[in-house]
Amino acid sequence: LKGLSSLLIAVGISRTGIEFAAVDGKPVHLLFVFATPPSQRSEYLQALAQICRMGRQGLLNKLWKKQLTPNAMELLLDQVFN
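Please read all numbers here as calculations on a predicted model, not as lab measurements.

Would you mind showing me how to read the nonpolar core here?
Burial of nonpolar side chains together is a common tendency in soluble globular proteins. By size, the foremost hydrophobic cluster in this structure holds eight residues: Leu-30, Phe-32, Ile-51, Met-54, Leu-60, Leu-63, Met-73 and Leu-77. Here Leu-63 is in contact with Arg-15, Met-54, Leu-68, Met-73, Leu-76 and Leu-77, once residues within four sequence places are set aside.

Structure representation (structure tokens):
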């Protein structure tokens with residue numbers, strides 16, 4: 001997006017899950033939305049890769065199952081990405 005100075009990530013959490021036609025047939029509990037300035041497209045890919053690593057390690061399941069507050073989730077993800 002023009003006008004942004006850095007990568008922004010929004011996280012949506014659904015405790016009950018959302019039907020998303022996933023390959024495994026399970027509902028989706030976490031949804032990530034990325035916004036990047038045109039000059040930082042590689043940062044988006046790096047962030048996506050980090051989230052994929054977190055998923056393979058089972059860290060994302062732990063995040064939504066612990067029922068973290070939005071502030072706690074933000075602090076935890078800041079530690080991962082910074």
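I tried to follow the environment of Leu-59 on my own but got confused; where do I start?
Mapped onto the elements, Leu-59 comes out in helix α2 (residues 59–65). Of the residues examined, Leu-59 reaches a relative accessible area of 34% and is grouped as partly exposed. For the pair Leu-59 and Pro-27, spaced 32 residues apart in sequence, the C-alpha separation works out to 17 Å.

Explanation requested: a nonpolar patch on the surface in the structure shown.
Taken together, the side chains of Ile-18, Phe-20, Leu-31 and Val-33 present a nonpolar region at the surface, about 380 Å² in accessible area. In this structure, Leu-31 sits in strand β2 (residues 28–35). Leu-31 sits in the partly exposed class, given a relative accessible area of 43%.

Would you mind going over the packing of aromatic side chains with me for this structure?
Remark: the centre distance and the inter-plane angle together describe each pair of aromatic rings, the angle taken between the planes. Under the criterion given, the structure shown has one aromatic pair. With 5.0 Å between their ring centres and 80° between their planes, Phe-34 and Tyr-44 make a pair best called edge-to-face. Highlighted residues: Phe-34 in strand β2 and Tyr-44 in helix α1 (residues 41–56), separated in sequence by ten residues. Overall, the relative accessible area of 29% leaves Tyr-44 in the partly exposed class.

Calculation notes
Residues numbered from 1 in each chain as written. Predicted model: local features only at pLDDT ≥ 70, side-chain atom pairs only at ≥ 80, totals over all residues. Heavy atoms only, no water. Core = buried A, V, L, I, M, F, W, Y, C linked by side-chain atoms within 4.5 Å. Buried < 20%, exposed > 50% of the residue type's maximum accessible area, 1.4 Å probe, protein only. Contact = heavy atoms within 4.5 Å. Helix = DSSP H or I, 4+ residues; strand = E, 2+ residues; numbered from the N terminus. Patch = residues over 30% accessible without salt bridge, like charges linked within 9 Å, V, L, I, M, F, W, Y side chains within 5 Å. Areas by Shrake-Rupley, 256 points an atom, 1.4 Å probe, with all protein chains shown as cover. Salt bridge = Lys/Arg side-chain N within 4 Å of Asp/Glu carboxyl O. Phe/Tyr/Trp six-rings, centres within 6.5 Å; stacked < 30°, edge-to-face > 60°.

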